[in-house]
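# Architecture at a glance
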Amino acid sequence: MSPASTGASTTVDAATPVPSVDATDSDTRMTPGGPGYRRMSLALFLAGVATFALLYSTQALLPLISGEFGVEASEASWTVAAATGGLALFVLPMSALSERYGRRTVMTASLAVAVAVGLLVPFAPSIGALVVLRAVQGAALAGLPASAQAYLAEEVRPKALITAIGLFVAGNSVGGMSGRVITGWVAQEWGWRVAVGVIGVIAVGCAVAFRLLLPAPRHFKAGSLRPRILLGTVRDHLANPLLRRLYAIGALFMTVFGGVYTVIGYRLTEAPFGLPQGIAGSIFLVYLVGTVSASVAGRLVGRLGRRGALYLAGGTTATGLLLSLAPALPLVLLGLVLITAGFFAGHAVASSAVSNTAAHGRAQASALYQSMYYIGSSVGSTVGAMAFHADGWAGTVGVGLLAVLGVVTITVLGTRAARVAARGPLAADAH
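What comes next concerns the included structure. Here the structure is a predicted model, which is why all the values come from computation and not from measurement. (Residues numbered from 1 in each chain as written. Predicted model: local features only at pLDDT ≥ 70, side-chain atom pairs only at ≥ 80, totals over all residues. Heavy atoms only, no water.)

## Here we look at the overall build of the chain
- Within the chain one finds 17 helices and zero strands.
- For the chain, with 431 residues in total, the buried portion stands at 56%.
- A sequence separation of at least 24 residues applies to 83% of the contacts in the chain between residues at least 6 apart. (Helix = DSSP H or I, 4+ residues; strand = E, 2+ residues; numbered from the N terminus. Buried < 20%, exposed > 50% of the residue type's maximum accessible area, 1.4 Å probe, protein only. Contact = heavy atoms within 4.5 Å.)

Structure follows, in structure tokens:
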């Protein structure tokens, strides 16, 4: 998922030299309207579509998967948690591999493996086999968010970088939303296996087009894997109290979002609503609200400050959770709108703050955030489904409210730490 959608953050590789001056005639990197820029933009857009359509391809289908294999929501939810967990575990190693073997090589290999596994998913003979295939698929997909921003930082001129990354993020959003909606309608007519097969075929087309369109890198310089240096950078980031808080906030926001959208299909297809699978899957169109809320997050930070924006995002999410408890469908939908708006705004604020906070190793700082973000998704999917099995929708809402309380608590601690720091070293020692 992107700041506006899936968990991809708009940061660049700190190891990549980016001039502080405007591009000149000697700068051979791409720029809007220049050679290769449109091909590159379309290629990464399609890569984003394929990545997030595959990553969440089973999320809208969980009631049907439960029915076929005779398992509860808590077991079926592992088809989502395994994929996001695999991505979370491998995003940092994949970022290191791209330093040695190249961004385009790692992205191509990642998509190829993920697509191949995607074509096997419809033939999974058991829930266990399905979960294993999804874990492998998630691990393979980790090469995309780990490499795309670094490729852009090396091949695109600085003034065009944010726009180029925005197109990749848009692909993430479109893929995450359309994958869920398409599977919902296809599954209503032909079952979940055909639905995930359709996503696999779409991803094949996106992957082939990506490889044909993406210009060969001209500015990549291979480095060594240097695990000792990588581990040192990771230790530095984890020793930074502000970065630790931002990682935790990203994980907690995603815990809410992962839990809600993993279970919402059960809530809408069961009594008292009893919606058809296609209509229940279309609920993911609410993601468009998140695109808007993420886009105004910068203005919110300008008016309220980072912590003020996080308080507002947390409050909006909590309000949506409480509204979703209502037995009336319009109020449930309004609750989902508020949950989605609050989540995307909070995620956008936290992920952008990571790149502003990290003084070095921004690629690794971003990878750590993405890792925690997808761990939050896996935890939310699993725990939210377990709570639903134990106590219905109210249980899932309870898990979400606890996560929001965690966001607020961490933000309060950050506010106190900032005030102590502002009073100077003596005050900090006394505190």
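## Points about the pattern of salt bridges
- Applying the stated rule across the entire model yields one salt bridge.
- Between Arg 193 and Glu 68 there is a salt bridge, with its nearest N and O atoms 2.6 Å apart. One end of the pair, Arg 193, is in helix 9 (residues 192–213); the other, Glu 68, is in helix 2 (residues 62–69), and 125 residues separate them in sequence.
- Take Arg 193: its relative accessible area is 24%, and that puts it in the partly exposed class. (Salt bridge = Lys/Arg side-chain N within 4 Å of Asp/Glu carboxyl O.)

## With respect to the packing of helix 4 (residues 78–101) against helix 6 (residues 127–141)
- Orientation of helix 4 relative to helix 6, taken along the N-to-C sense of each, is 30°, at an axis distance of 6 Å. One way to sum up the angle between helix 4 and helix 6 is to call them roughly parallel. Like other packed secondary-structure pairs, helix 4 and helix 6 cross with a definite hand, here right-handed. Across the interface between the two elements, Trp 78, Thr 79, Val 80, Ala 82, Ala 83, Gly 86, Leu 87, Phe 90 and Met 94 from helix 4 touch Ile 127, Leu 130, Val 131, Arg 134, Ala 135, Gly 138, Ala 139, Ala 140 and Leu 141 from helix 6. (Axes fitted to C-alpha atoms, helices over the stretch in contact; angles between N-to-C directions. Parallel < 35°, antiparallel > 145°, perpendicular 65-115°, else oblique. Left-handed = near helix turned anticlockwise from the far one by under 90°.)

## Quick notes on helix 4
- Across its 24 residues, helix 4 extends 32 Å between first and last C-alpha, which sits within 8% of the 34 Å expected from 1.5 Å per residue.
- Approximately 45° is the largest bend angle found in helix 4, and it occurs at Val 91, with the proline Pro 93 only one to four residues beyond.
- In terms of residue burial, helix 4 counts as a mostly covered element, since 17 of its 24 residues are buried.
- Where helix 4 terminates, the next one or two residues include Gly 102, which has phi positive at roughly 105°. (Expected span 1.5 Å × (residues − 1). Bend = angle between axes of the 7 residues up to and from the residue.)

## Quick look at unusual backbone geometry
- With an omega of 10°, the peptide bond between Ala 271 and Pro 272 qualifies as cis.
- Position of Pro 272 relative to the elements: it lies in the loop between helix 11 (241–269) and helix 12 (277–281).

## Quick notes on a nonpolar patch on the surface
- On the surface, a cluster of nonpolar side chains totalling about 260 Å² of accessible area is made up of Met 372, Ile 375, Val 379 and Val 383.
- By the element assignment, Val 383 lies in helix 16 (residues 362–422).
- For Val 383, a relative accessible area of 35% gives the class partly exposed. (Patch = residues over 30% accessible without salt bridge, like charges linked within 9 Å, V, L, I, M, F, W, Y side chains within 5 Å. Areas by Shrake-Rupley, 256 points an atom, 1.4 Å probe, with all protein chains shown as cover.)

## Some remarks on empty space enclosed by the protein
- In total, this model carries three cavities of 30 Å³ or more according to the counting rule given.
- In this structure, the second largest cavity spans a volume of roughly 40 Å³.
- Leu 54, Ser 57, Gly 118, Val 121, Arg 134, Gln 137, Val 196 and Gly 200 together form the lining of the second largest cavity.
- Every element with two or more residues in the lining of the second largest cavity is listed here: helix 6 and helix 9.
- Grouping the constituent residues of the lining of the second largest cavity by class yields three nonpolar, four polar and one charged. (1 Å grid on protein atoms, 1.4 Å probe; cavity = no way out; pocket = protein on both sides within 12 Å on 5 of 7 lines; lining within 4 Å. Points joined across faces, edges and corners; volume = space filled by probe spheres on them. Nonpolar A, V, L, I, M, F, W, Y, C, P; charged D, E, K, R; others polar.)

## As for the side chain of Arg 267
- Structurally, the position occupied by Arg 267 is in helix 11.
- A polar side-chain atom of Arg 267 sits 3.0 Å from the main-chain carbonyl oxygen of Ala 326. (Polar contact = N/O pair within 3.5 Å; in protein donor to acceptor, adjacent residues only side chain to side chain.)

## Considering helix 2
- All buried positions along helix 2 are accounted for by Leu 62, Pro 63, Ile 65 and Ser 66. Each buried residue of helix 2 lies within a common arc of 165° when the element is viewed along its axis, so the set occupies one face.
- The secondary structure elements touched by the buried residues of helix 2 are helix 3 (73–76), helix 4, helix 6, helix 9, helix 11 and helix 12.
- Positive backbone phi, approximately 65°, marks Gly 70, located one or two places after helix 2. (Arc of directions from axis to C-beta.)

## Some remarks on the environment of Val 286
- By the secondary structure assignment, Val 286 is in the loop between helix 12 and helix 13 (287–295).
- Once the C-alpha coordinates of Val 286 and Leu 333 are considered, the two residues, 47 residues apart in sequence, prove to be 8.7 Å apart.
- In contact with Val 286, other than residues within four places in its own chain, are Tyr 261, Leu 336, Val 337 and Thr 340.

## Details of the packing of aromatic side chains
- Summed over the entire model, instances satisfying the criterion amount to ten aromatic pairs.
- Measuring from centroid to centroid gives 6.0 Å for Phe 69 and Trp 192, while their planes differ by 55°, and the two rings are tilted. Linking Phe 69 in helix 2 with Trp 192 in helix 9, this pair joins segments that are 123 residues apart in sequence.
- The interplanar angle of 35° and the centroid separation of 5.3 Å between the aromatic rings of Tyr 261 and Phe 284 together place this pair among those described as tilted. Here Tyr 261 is found in helix 11, whereas its partner Phe 284 is found in the loop between helix 12 and helix 13, with 23 residues between them in sequence.
- Judged by its relative accessible area of 1%, Tyr 261 falls in the buried class.
- Every member of this aromatic cluster is reached through a ring pair, and the members are Phe 257, Tyr 261, Phe 284, Phe 343, Phe 344, Tyr 369, Tyr 373 and Tyr 374.
- One residue, Arg 180, lies across the ring of Tyr 56, its end atom 4.1 Å from the ring centre. (Phe/Tyr/Trp six-rings, centres within 6.5 Å; stacked < 30°, edge-to-face > 60°. Lys NZ or Arg CZ within 6 Å of the ring centre and 35° of its normal.)

## Observations concerning the side chain of Thr 58
- With respect to the helices and strands, the residue Thr 58 is situated in the loop between helix 1 (37–55) and helix 2.
- Looking at Thr 58, the relative accessible area reads 0%, which means it is buried.
- In this view, Thr 58 contacts Ile 65, Thr 79, Val 80, Arg 134 and Val 196; residues no more than four positions away in its chain are not counted.

By themselves, these figures tell us nothing about what the structure is for.
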